[in-house]
Amino acid sequence: MVLTLVAALLFTSCASMVELAFDLDEAVAEMENAAKSKDEPPIPRNVILIVGDGMGVPQVYASVVAERENNSAFLRFPYSGFSRTYSRNKYRTDSAAGGTALTTGQKVDNYHVNWAPDSSRHRTIYDDAVSVGMSTGFVVTSSVLDATPASSYGHVPYRKMFDTLSVQMAQCQHSVMIGGGGKYFSTANRKDGLAPLDTLAKRGFTVTYSLDSVLTFTGDKLVGLVYDGDPTPAPQRGDMLRRASLKAIEMLDRNPKGFAMMIEGSQIDWACHNNDSAYMRAELADFEVMLHAVLDYAQRDGQTLVVVTADHETGGVTLPDGDIEKGQNDVRYLWGSHTGCMVPVFAVGPGAQYFSGIQENIDIPEKIRWLMGIGNM
Ligand SMILES: [Zn+2]
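A brief structural summary. (Residues numbered from 1 in each chain as written. Predicted model: local features only at pLDDT ≥ 70, side-chain atom pairs only at ≥ 80, totals over all residues. Heavy atoms only, no water.)

### Comments concerning the nonpolar core
At step 1: If you look at the biggest cluster of nonpolar residues, it comprises 49 residues, and the most contacted ones within it are Ile50 and Val308.
At step 2: Ranked by size, the runner-up nonpolar core spans 43 residues in total, among them Leu165, Ala347, Ala352 and Trp370. (Core = buried A, V, L, I, M, F, W, Y, C linked by side-chain atoms within 4.5 Å. Buried < 20%, exposed > 50% of the residue type's maximum accessible area, 1.4 Å probe, protein only.)

Written out as structure tokens, the structure reads:
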């Protein structure tokens, strides 16, 4: 009996060694193949760049703790790294220069939306995506004219030039744009006499003014101005970010050549400017819900690269204490402004491994370009 047991154990351990040896061979072969093809990146069909405005490492960790156990969407990423966020002229970037860095691969001065020192406009990854036949768009929880979304289509020397930005948005290459800011488009509120809504209509866009009409839209070109001003804070906003993001993905995904889009949790920044930890928690919880939904889509799709990062940290947040079991954080703020520290980067999908380590914010769009097969890293 004992002998049989020993024999059985020996057999089992030999079998697992054989199995292990087989796995190792396979792993080595895989590594060799990867080394051979290191100049040929895996090409994702779709790219979703998700920005948590003002979302530094402390904000992410506060969310990981608050979600308890392993529930945070941030834990679903196999690759992570850091991004250095300084702008062309400042240690601390604002969202205009931060957004421009992430969409163009160029550092510009603070408050400049894709405005180069010689007043020229840099190409965005969305310009490049459209040039190879992909569709593009964005969903934000700010006004559609706010600095981060504006950096994906605009070109102004000062981020608050809303009249100009609305005209540029009406002429831009995106096919889905969802956020707040409806009041800026009404001719009654404008000094320049221009009518960006007419431009959009001429270009075949439907402009809708409620989340319900966004969600039931069946066409291909949509501007959803679902708030007249800024969208309300979470949780009063309801499930807008997740639902609008999935709607945009559903629309963009119809293009057989794929899509590149940006999603922004805009108000994490505003909560941290206000040093309001309950507001920050609500915005991060909303971001988590959206993130889980996008990751579920990417997992099903298998050809979508998802990169999550921030344009900068806001508030100088630190977490001196808390309670892991209860999911509680003692959140403290240094001040009501941005800080210059590195922000996290998370990635999953084809090419995700290239986003680990410490990188410049401008490396992120360059890597996306390289992975999409447009431009060199
Ligand atoms: Zn800010």
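Back to the write-up after that little detour.
### So, the coordination of the zinc ion
When a metal holds four donors in a tetrahedron, each ideal angle between them is 109.5 degrees; when it holds six in an octahedron, the ideal angles are 90 or 180 degrees.
At step 1: Within the protein, the atoms that donate to the zinc ion are Asp269 (OD), Asp269 (OD), His273 (NE2) and His338 (NE2), at distances of 2.1 to 2.3 Å.
At step 2: Note that the zinc ion binds four donor atoms; their angles at the metal cover 57 to 153°, and the shape is irregular.
At step 3: Linear spacing of the donor residues for the zinc ion on their chain is D-x3-H-x64-H. On the criterion of sequence distance, the pair formed by His273 in helix H10 (residues 267–273) and His338 in strand E12 (residues 338–339) is long-range, its members being 65 residues apart. (Donors = N, O, S within 2.8 Å, 3.2 Å for Na, K, Ca; no water. Tetrahedral: all angles 85-135°; square planar, octahedral: opposite > 155°, others 65-115°. Helix = DSSP H or I, 4+ residues; strand = E, 2+ residues; numbered from the N terminus.)

### Structural notes on the environment of Gly315
At step 1: Among the structural elements, Gly315 can be located in the loop between strand E9 (313–314) and strand E10 (318–323).
At step 2: Gly315 gets classed as buried once you look at its relative accessible area, which sits at 0%.

### Overview of the sheet that holds strand E7 (residues 259–265)
At step 1: Sheet architecture is open: 10 strands sit in the order E5-E6-E4-E3-E7-E1-E8-E13-E2-E14, paired in mixed fashion. The sheet terminates laterally at strand E5 (206–208) and strand E14 (357–360), the two strands that pair on one side only. Going across the sheet, the axis of each strand differs from the next one's by a mean of 15°, ignoring polarity.
At step 2: Alignment of strand E1 (residues 46–52) against strand E8 (residues 304–309), held across six bridges, turns out to be parallel. Across the sheet, residue Ile50 finds its bridge partner in E8, namely Val308.
At step 3: Docked against the sheet, helix H11 (residues 277–301) engages E1, E7, E8 and strand E13 (343–348), running at close to 165° with respect to E1. (Pairing = 2+ DSSP bridges. Axes fitted to C-alpha atoms, helices over the stretch in contact; angles between N-to-C directions. Contact = heavy atoms within 4.5 Å.)

### Comments concerning the side chain of Ser166
At step 1: As for its position among the elements, Ser166 is in helix H6 (residues 162–170).
At step 2: Taking relative accessible area as the criterion, Ser166 reaches 0% and is therefore assigned buried.
At step 3: A polar contact is formed between the side chain of Ser166 and the backbone oxygen of Asp163, at a distance of 2.7 Å.
At step 4: Ignoring any residue separated from it by four or fewer positions in sequence, one finds Ser166 in contact with Leu145, Tyr184, Phe185, Arg190 and Pro196. (Polar contact = N/O pair within 3.5 Å; in protein donor to acceptor, adjacent residues only side chain to side chain.)

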